[in-house]
Amino acid sequence: MDPPGEPTWWDITRTYLKIGAIGFGGGYAVVELIQSELVVKRRWLTAQRFQNMIALSEMAPGAFTVNLLAGIAYRLGGMGAMILATAALILPSFVLILVLAGIFLAWQDNMLVQSAMKGLTAGVVGLLIAVVWDLVKRAPTHWCCLVIGLVAFLLELAFSINPIWLILMGGMAGAIKVWAMGFSRKGSTPDLPTR
């Protein structure tokens, strides 16, 4: 039996099939489920590495959840694991959409179906709020990181900027902070005594 942190392709595929089957809401609504399965329960990733994968997945084009889980599968088992796991991840949704699309088209005017859709939407909003709260609790507490987060939040509210630009600006600000700290350390080192 493989120790934690070294899953087989079958372990990854089976876990991704489970996430695909019960991960309702997509995007950030399933981040908590993914973390619970891969970080807490199976210990395939550290919490910090998981946060890093989230940041990288946000920058990549395409569906966030698929990007995140494909990247993790590649890290855990290479290209073959990534292909199998991604197929397992999207299979339940694909089958469910085919079934539900036919049912919904036949019953879309039914008041019960419309009420159920509103209830599902409210539940997903609740999941998103819980995920945001969890991300806020784990956010870096350095003053510079807080300023970067606040500026990104205000820019998004005021101008509806594409998130990729906000992420890139945050990365640049973090890099500038590290560069400035290194530069200030060099400037503060004592001079060598002169003859």
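Just above, that's the structure.
Before going further, it helps to spend a moment on unusual backbone geometry. In this structure, Arg43 takes a positive phi of about 55° despite not being glycine. Among the secondary structure elements, Arg43 is positioned in the loop between helix H2 (31–41) and helix H3 (47–59).

With that settled, the discussion passes to the packing of H3 against helix H4 (residues 64–107). Put simply, H3 and H4 touch, their axes get as near as 9 Å, and they point 130° apart. With respect to each other, H3 and H4 are oriented oblique. Along this stretch, H3 crosses H4, giving a crossing that reads as right-handed. Contacts from Arg49, Phe50, Met53, Ile54, Ser57 and Glu58 in H3 reach Phe64, Asn67, Leu68, Gly71, Ile72 and Arg75 in H4. For the contact of H3 with H4, the class distribution of residues is six nonpolar, three polar and three charged.

This structure, assessed with the given rule, holds four salt bridges. For Asp11, the salt bridge goes to Arg14, with nearest N and O atoms at 3.2 Å. One end of the pair is Asp11 and the other is Arg14, both in helix H1 (residues 9–22) and three residues apart, which spans about a single turn. Using a relative accessible area of 40% as the deciding quantity, one classes Arg14 as partly exposed. One salt bridge connects Glu37 with Arg42, and the closest N-O pair in it is separated by 3.3 Å. For Glu37, a relative accessible area of 5% corresponds to the buried category. Residues joined by salt bridges that share partners form a network here, namely Lys18, Glu37, Lys41 and Arg42.

What counts and how
Residues numbered from 1 in each chain as written. Predicted model: local features only at pLDDT ≥ 70, side-chain atom pairs only at ≥ 80, totals over all residues. Heavy atoms only, no water. Helix = DSSP H or I, 4+ residues; strand = E, 2+ residues; numbered from the N terminus. Axes fitted to C-alpha atoms, helices over the stretch in contact; angles between N-to-C directions. Parallel < 35°, antiparallel > 145°, perpendicular 65-115°, else oblique. Left-handed = near helix turned anticlockwise from the far one by under 90°. Contact = heavy atoms within 4.5 Å. Nonpolar A, V, L, I, M, F, W, Y, C, P; charged D, E, K, R; others polar. Salt bridge = Lys/Arg side-chain N within 4 Å of Asp/Glu carboxyl O. Buried < 20%, exposed > 50% of the residue type's maximum accessible area, 1.4 Å probe, protein only.

From the geometry alone we can't say anything about function, so treat these as descriptive.
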